Amino acid sequence: MRFSKKLYLLLLVFSVGFIVFGILAKTTIDTIKVSGPVYTEIILDKDLVADILPPPEYIIEAYLVVLQALDTGQTDTAKLAGERLKALKADYDTRHLYWDKALPHGPKRELLLNESYKPAIAFFSKAEQDFLPLLAAGDHEKARTLAFGELKQQYDAHRIAIDKLVKVANDDAAAHEKRALAIISSRSWLMMGVGLLILLGAVS
């Protein structure tokens, strides 16, 4: 083979090799970088867990407000509890709208936006329409019965769904992290292979 042709072939091998190497490096970095798809999935799961343990997407504080209101002897107990429950409900609704847009279809969406949501909304509605008026009227016995009866049942149903959701979200976060490590490992070996082929082409 003439020297000029061999030189051109060598340049071609180097050019193609470096292009492939560059593409692999860029796609790997784009996949696992901050704001990349894998990172975004990990952060989404961590944000979800942060939202549900504790509020705003976990109504444990709302139920605590109800229980504390029963043990308070102040005349404006119902008003203060109502204001706090209203604020907690507003926070709950705001984050619910966010997750309605952010969560893809799947178990986490079903657990948060349906299974845990229905009893939570029923809890807020019952507390506002029935519990607080009973408290304001001074009927503490009926208020207590409601707090430890229907309101507790709704809270318990909500909590069971939240417990399931926490496990699913944590499992998904671990899976995404494992996937990121697998991508780094496989792409690193692939880039080393491309580099070796370039080297072999240069010395052949």
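Anyway, here's the lowdown on the structure attached to this text. As the structure is a computational prediction, the values presented were derived from the model and not from experiment.

About the cut-offs
Residues numbered from 1 in each chain as written. Predicted model: local features only at pLDDT ≥ 70, side-chain atom pairs only at ≥ 80, totals over all residues. Heavy atoms only, no water. Helix = DSSP H or I, 4+ residues; strand = E, 2+ residues; numbered from the N terminus. Buried < 20%, exposed > 50% of the residue type's maximum accessible area, 1.4 Å probe, protein only. Areas by Shrake-Rupley, 256 points an atom, 1.4 Å probe, with all protein chains shown as cover. Arc of directions from axis to C-beta. Core = buried A, V, L, I, M, F, W, Y, C linked by side-chain atoms within 4.5 Å. Contact = heavy atoms within 4.5 Å. Salt bridge = Lys/Arg side-chain N within 4 Å of Asp/Glu carboxyl O.

### Considering the overall build of the chain
For step 1, the next point in the chain: Along the chain, the regular secondary structure elements total 8 helices and 0 strands.
For step 2, the next point in the chain: Residues counted as buried form 34% of the 204 residues belonging to the chain.
For step 3, the next point in the chain: For the chain, the accessible area works out to roughly 12,200 Å², and carbon and sulfur atoms hold 65% of it.

### Considering the side chain of His96
For step 1, the next point in the chain: Positionally, His96 belongs in helix H4 (residues 77-102).
For step 2, the next point in the chain: Owing to a relative accessible area of 11%, His96 belongs among the buried residues under this scheme.

### Some remarks on helix H7 (residues 140-147)
For step 1, the next point in the chain: Along H7, the residues that are buried comprise Ala143, Leu146 and Ala147. On an axial view of H7, the arc spanned by its buried residues comes to 100 degrees, and they lie on one face. Of the residues in H7, the exposed ones pointing more than 90 degrees away from the buried face are Glu141, Lys142 and Thr145.

### A closer look at the nonpolar core
For step 1, the next point in the chain: If you look at the biggest cluster of nonpolar residues, it comprises 27 residues, and the most contacted ones within it are Ile59, Val66, Leu85, Phe123, Phe124, Phe131 and Leu151.
For step 2, the next point in the chain: Leu151 has contacts with Tyr63, Val66, Phe123, Lys126, Ala127, Phe131 and Leu146, leaving out every residue within four places of it along the chain.

### Details of the environment of Asn170
For step 1, the next point in the chain: Structurally, Asn170 can be placed in helix H8 (residues 150-203).
For step 2, the next point in the chain: Placed 124 residues apart in sequence, Asn170 and Lys46 show a C-alpha to C-alpha distance of 7.7 Å.

### Digging into the pattern of salt bridges
For step 1, the next point in the chain: Enumeration over the complete set of coordinates arrives at 12 salt bridges.
For step 2, the next point in the chain: Salt-bridge contacts for Arg109 lead to Asp100; the nearest nitrogen and oxygen are separated by 2.6 Å.
For step 3, the next point in the chain: For Asp100, a relative accessible area of 35% corresponds to the partly exposed category.
For step 4, the next point in the chain: Across the pair Asp130 and Lys126 runs a salt bridge, and its minimum N-O distance is 2.8 Å. Of this pair, Asp130 and Lys126 both sit in helix H6 (residues 117-136), separated by 4 residues, roughly a single helical turn.
For step 5, the next point in the chain: In the salt-bridge network here, residues are joined through shared partners; they are Lys152, Asp156, Arg159 and Asp163.

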